[in-house]
Amino acid sequence: MAAKKQDTWDVFREKMKDKRCKKGQPAVNNKGLSAGDLIVRNGELVVQRLSSEVSGKAQKYSRIGAREFVPFNEEEVSIHAIKAACERHYKSLSEEGLKCDVLAGDQGPSCLSMEHVPDLKVVHVRFIKPQINRPSTSFVSKDIMREENPAFSFMSECVHVRESPDKRKIKSERCSSSAAKRPAPKSLTVSQMIKLGKLIKPSVADTTHTMIIDVFSFDFSSLSWSVLPQTVEFIVENSVLGEGGFRKAYKASSNTAGFEGKDWVVKRYLEKVVNEVTNDLGQSMEEQTKKVVQMHHLSKNFADQLSKTVKQKNICEKFGPVMQFQMVYFGKIQ
């Protein structure tokens, strides 16, 4: 009895061994033909088209339409032959520049050889844009490599690093920007260089004084004030340029970027006006001054529209000169 059970077990073990050995072989039907031979003989594939990208929590490719029979006229089943057959069948997608990609299933991945295809009964494909392999390129600032960061030359000169895909060698070549060039260094005399060793005091005349002002601008197109001010250094003359019923005007100049090379007028409210605005009107000087600037922009807009209309109608000589308004800002003295 024990010997009979052992024989039965040996037979079962041999069957399982044969089954495992046949796992890596291509599937055959009852006529001894593999799935690839059937495709070549019948001249058609069963294809399930999938979406180009995964979606959902399971990260699966969605099915597009039902399964279709795709004509197959090749002599051998291969990844290249399957792609060619699908691109001929889905001609409209191929004309849009899309390429066929064979997938192992609705969760991928892409198949690069027939060994990656689990089953030829149903072939899963998707159409994607062709990928262009470009060499990796990075830009490193020359000034950063030198541990320098001058504002005028930042990113004006750089080292172009390109990685070779074959030998993995790094080659570098200089590239310069024509838009921003490094200014030429200033030539100094010996006396000027010796003078730099001593503290240089601001060269402000007795008739002027320095004033630091936080300047706020008003945008008329969006009807909004700037949140962050621009700190500007003005050299203001001590003598009064003019005086009215509300303010005194002083002539000023500046070397700050955006304000240099122009003559400016700094207007300050009279002390009696400050008391009247704050006590009688119950307003702060900031609110009052901002309203004055806003109304100035409104008047400037009217004048600009009038000037544009006169030029369009070509009546400049008949109409005469049009009033022009300059830019006005609101400032807080530090």
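Criteria and cut-off values
- Residues numbered from 1 in each chain as written.
- Predicted model: local features only at pLDDT ≥ 70, side-chain atom pairs only at ≥ 80, totals over all residues.
- Heavy atoms only, no water.
- Helix = DSSP H or I, 4+ residues; strand = E, 2+ residues; numbered from the N terminus.
- Buried < 20%, exposed > 50% of the residue type's maximum accessible area, 1.4 Å probe, protein only.
- Contact = heavy atoms within 4.5 Å.
- Areas by Shrake-Rupley, 256 points an atom, 1.4 Å probe, with all protein chains shown as cover.
- Lys, Arg positive; Asp, Glu negative; His and termini not counted.
- Salt bridge = Lys/Arg side-chain N within 4 Å of Asp/Glu carboxyl O.
- Polar contact = N/O pair within 3.5 Å; in protein donor to acceptor, adjacent residues only side chain to side chain.
- Patch = residues over 30% accessible without salt bridge, like charges linked within 9 Å, V, L, I, M, F, W, Y side chains within 5 Å.
- pLDDT = per-residue confidence, 0-100.
- Pairing = 2+ DSSP bridges.
- Core = buried A, V, L, I, M, F, W, Y, C linked by side-chain atoms within 4.5 Å.
- Phe/Tyr/Trp six-rings, centres within 6.5 Å; stacked < 30°, edge-to-face > 60°.
- Lys NZ or Arg CZ within 6 Å of the ring centre and 35° of its normal.

1. Digging into the overall build of the protein chain
Next, step 1: Helices and strands together make up the secondary structure of the protein chain, namely 9 helices and 16 strands.
Next, step 2: In the protein chain, which comprises 334 residues, the proportion classed as buried is 23%.
Next, step 3: Restricting the contact set of the protein chain to residue pairs at least 6 apart, pairs at least 24 apart contribute 46%.
Next, step 4: Total accessible area on the protein chain stands at roughly 25,400 Å², and carbon and sulfur atoms take up 53% of it.

2. Focus on the side chain of aspartate 214
Next, step 1: Along the chain, aspartate 214 turns up in strand β9 (residues 208-216).
Next, step 2: Look at aspartate 214: it is buried, it has no salt bridge, and the nearest opposite charge is lysine 332 at 7.4 Å.
Next, step 3: At 2.7 Å, the side chain of aspartate 214 and the side chain of glutamine 334 are in polar contact.
Next, step 4: Aspartate 214 has contacts with Pro229, Gln230, Thr231, Phe330, Gly331, Lys332 and Gln334, leaving out every residue within four places of it along the chain.

3. Here's the deal with a nonpolar patch on the surface
Next, step 1: A surface patch of nonpolar side chains, amounting to about 600 Å² of accessible area, comprises Leu188, Val190, Met193, Ile194, Leu196 and Ile200.
Next, step 2: Among the structural elements, methionine 193 can be located in helix α6 (residues 190-195).

4. Observations concerning the pattern of salt bridges
Next, step 1: Enumeration over the complete set of coordinates arrives at 6 salt bridges.
Next, step 2: The salt bridge partner of aspartate 304 is lysine 300, with a shortest N-O separation of 3.2 Å. Of this pair, aspartate 304 and lysine 300 both sit in helix α8 (residues 285-312), 4 residues apart, roughly one helical turn.
Next, step 3: The network of salt bridges with shared partners includes Glu286, Lys290 and Lys332.

5. Looking at the environment of proline 130
Next, step 1: Within the secondary structure, proline 130 is located in the loop between β5 (123-128) and β6 (137-141).
Next, step 2: Residue proline 130 is classed as partly exposed on the basis of its relative accessible area of 46%.
Next, step 3: With 33 residues separating them in the primary sequence, proline 130 and glycine 97 have C-alpha atoms 7.6 Å apart.
Next, step 4: Setting aside residues no more than four positions away along its own chain, proline 130 makes contact with Gly97 and Lys99.

6. Overview of the confidence of the model for the protein chain
Next, step 1: Chain-level statistics for the protein chain give a pLDDT mean of 78 and a share of 77% at 70 or above.
Next, step 2: A low-confidence stretch, residues 134-179 stays under pLDDT 50, and its non-local contacts, those more than four residues away or across chains, total 56 contacts.

7. A look at the pairing of β9
Next, step 1: Pairing analysis gives 8 bridges linking β9 to strand β12 (residues 230-237), with the strands arranged antiparallel. Paired with threonine 208 across the strands is glutamate 237, a residue of β12.
Next, step 2: Bridge count for β9 against strand β16 (residues 330-333) is 4 bridges, and the pairing is antiparallel. Note that in β16 the partner of valine 215 across the bridge is glycine 331.

8. A short note on the nonpolar core
Next, step 1: If you look at the biggest cluster of nonpolar residues, it comprises 22 residues, and the most contacted ones within it are Leu45, Ile82 and Cys86.
Next, step 2: Contributing elements (two or more residues each) for this core: β1 (44-55), α3 (79-89), β4 (99-103) and β5.
Next, step 3: Broken down by element, the residue count for this core peaks at 5 residues, all from α3.
Next, step 4: Not counting chain neighbours up to four residues away, the residues in contact with cysteine 86 comprise Val47, Val70, Cys100, Val125 and Phe127.
Next, step 5: Counting 11 residues, the second largest nonpolar core, distinct from the first, contains Val232, Phe234, Ala252 and Phe259.

9. Side note on the environment of valine 102
Next, step 1: With respect to the helices and strands, the residue valine 102 is situated in strand β4.
Next, step 2: When its relative accessible area of 0% is taken as the criterion, valine 102 is described as buried.
Next, step 3: A C-alpha to C-alpha distance of 8.9 Å links valine 102 and phenylalanine 127, two positions 25 residues apart in sequence.
Next, step 4: Aside from chain neighbours lying at most four places away, what touches valine 102 is Ile79, Ile82, Lys83, Pro109, Ser110, Cys111, Val123, His124 and Val125.

10. Examining the packing of aromatic side chains
Next, step 1: Considering all chains together, one arrives at 10 aromatic pairs under this definition.
Next, step 2: With centroids separated by 6.1 Å and ring planes inclined at 80 degrees, the aromatic side chains of phenylalanine 234 and phenylalanine 259 adopt a geometry described as edge-to-face. With phenylalanine 234 in strand β12 and phenylalanine 259 in the loop between β14 (247-254) and β15 (264-269), the pair connects residues that are 25 residues apart, well separated along the chain. Summarising the burial analysis for this pair, phenylalanine 234 and phenylalanine 259 share the class buried.
Next, step 3: Site record: aromatic cluster; members linked through ring pairs are Phe216, Phe218, Trp225 and Phe330.
Next, step 4: The positively charged end of arginine 49 is found above the aromatic ring belonging to tyrosine 90, 5.9 Å away from the centroid.

11. What about the side chain of aspartate 101?
Next, step 1: Checked against the element boundaries, aspartate 101 lands in strand β4.
Next, step 2: Classification of aspartate 101 as buried rests on a relative accessible area of 8%.
Next, step 3: A polar contact of 2.6 Å, which involves the side chain of aspartate 101, links it to the side chain of serine 110.
Next, step 4: Other than its neighbours up to four places away in sequence, aspartate 101 contacts Lys83, Ser110, His124, Val125, Arg126 and Ile128.

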